[in-house]
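# Observations on the model geometry
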Amino acid sequence: MNTAEPTDFIFDEPAEAAVAKAIARYPAGKQASAVMALLDIAQRQMGRRTGIAWVPRIAMDVVAKRLGMAPVRVYEVATFYTMFNTKPVGKYHLQVCTTTPCWLRGSDDVVAACKKASGIKDFGHTSEDGMFTMTEVECLGGCVNAPILQINDDYYEDLDGAKTEALLEKLKAGEPLPPAGSVIGRRASAPVTNQTTLLQDGPAAE
Ligand code: FES
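Now for a quick tour of the structure. In this text, all values refer to a predicted model and were calculated from it rather than measured experimentally. (Residues numbered from 1 in each chain as written. Predicted model: local features only at pLDDT ≥ 70, side-chain atom pairs only at ≥ 80, totals over all residues. Heavy atoms only, no water.)

The subject of this paragraph is the overall build of the chain. A count of helical and extended segments in the chain gives seven helices and six strands. In sequence order, the chain lays out its α and β elements as α-α-α-α-β-α-α-β-β-β-β-α-β. For the chain, the proportion of its 206 residues judged to be buried stands at 38%. The contacts of the chain with a sequence gap of at least 6 include a subset with a gap of at least 24, amounting to 64%. For the chain, the computed accessible surface area is about 12100 Å², with 53% contributed by carbon and sulfur atoms. In the chain, 21 positive and 25 negative side-chain charges are present, and the distance between their average locations comes to 4 Å. (Helix = DSSP H or I, 4+ residues; strand = E, 2+ residues; numbered from the N terminus. Buried < 20%, exposed > 50% of the residue type's maximum accessible area, 1.4 Å probe, protein only. Contact = heavy atoms within 4.5 Å. Areas by Shrake-Rupley, 256 points an atom, 1.4 Å probe, with all protein chains shown as cover. Lys, Arg positive; Asp, Glu negative; His and termini not counted. Charge placed at Lys NZ, Arg CZ, Asp CG, Glu CD.)

If you want it as structure tokens, here you go:
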């Protein structure tokens, strides 16, 4: 995996279209509000072009220049949010939520399974084959189906150790990411035992 910082970065054609759209959402003089959108566009362009979705320093400088911001203000945003990768990550970015609801529902087992299947020793590391990077993240907002493992853009929910390991083994075997969502077939955030309320139609509207 090439982890060297590139020395130049320019937005490509599809990215430029997305940048123009993002900046146009804000009134004149407030274009700095588009900073998160532009960092995301830069990260996705890196993913498209190099196979590694991250935001190198030079891309942050391009974003700063485009939005008329001091570079340090862009660095502050990029390093605060875990959604921005300021270092190269593996093909599959394993973002394990270990906040209280996920922890109570077994996130320790998810972490252990990620380590076992990938060979990664700890958070912030990338596997030797460049397939996986494991990051510890705070609440992903999916607590109702905890524990949650985010892989790239997708959430895998209701996991346990065995199901996490099986999922990663499939990726190692070259299979594509399975459909996102509950791995036990839970419908959206309905109870595991299936729907228990609103089982009858209410009175007809007059
Ligand atoms: S605590 Fe894990 S998704 Fe909220």
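Now that the structure has been shown, we can carry on.
Attention now goes to the layout of surface pockets. To find the voids left in a structure, one rolls a probe of water-molecule size over its atoms. Computed from the structure, the largest pocket encloses a volume of approximately 380 Å³. When contributions to the lining of the largest pocket are tallied by element, the ones reaching two or more residues are helix 2 (35-50) and strand 1 (92-97). Taken together, the residues of the lining of the largest pocket break down into four nonpolar, 10 polar and five charged. Lining the lining of the largest pocket are residues from two domains, each supplying at least three of them: domain 1 (13-80) and domain 2 (92-182). Quantified by volume, the second largest pocket comes out at close to 190 Å³. Taken together, T82, F84, N85, T86, K87, P88, V89, H93, G124, T126, T133 and T135 make up the full set of residues lining the second largest pocket. Of the residues that constitute the lining of the second largest pocket, the class distribution is three nonpolar, eight polar and one charged. (1 Å grid on protein atoms, 1.4 Å probe; cavity = no way out; pocket = protein on both sides within 12 Å on 5 of 7 lines; lining within 4 Å. Points joined across faces, edges and corners; volume = space filled by probe spheres on them. Nonpolar A, V, L, I, M, F, W, Y, C, P; charged D, E, K, R; others polar. Domains from an automatic or database assignment.)

What follows is about helix 4 (residues 71-80). Along helix 4, the positions that sit buried rather than exposed are V74, V77 and A78. The buried side chains of helix 4 occupy one side of the element, clustering within an arc of 95° when seen end-on. Across from the buried face of helix 4, at angles greater than 90 degrees, the exposed residues are T79 and F80. Buried residues along helix 4 sit against helix 2 and helix 3 (57-67). (Arc of directions from axis to C-beta.)

A few words now on the nonpolar core. For soluble globular proteins, nonpolar side chains are generally found buried alongside one another. F11, V35, L38, L39, V63, L67 and V74 are the most contacted members of the largest nonpolar core, which has 26 residues in total. Going through the elements one at a time, helix 1 (13-24), helix 2, helix 3 and helix 4 are the ones with two or more residues in this core. The biggest single contributor to this core is helix 2, with six residues. The residues contacting L38, other than those within four sequence positions of it, are F11, V19, A22, I23, V63, R66 and L67. Core analysis: the next-biggest nonpolar cluster, separate from the first, contains 18 residues, C114, Y156, L168 and L171 among them. (Core = buried A, V, L, I, M, F, W, Y, C linked by side-chain atoms within 4.5 Å.)

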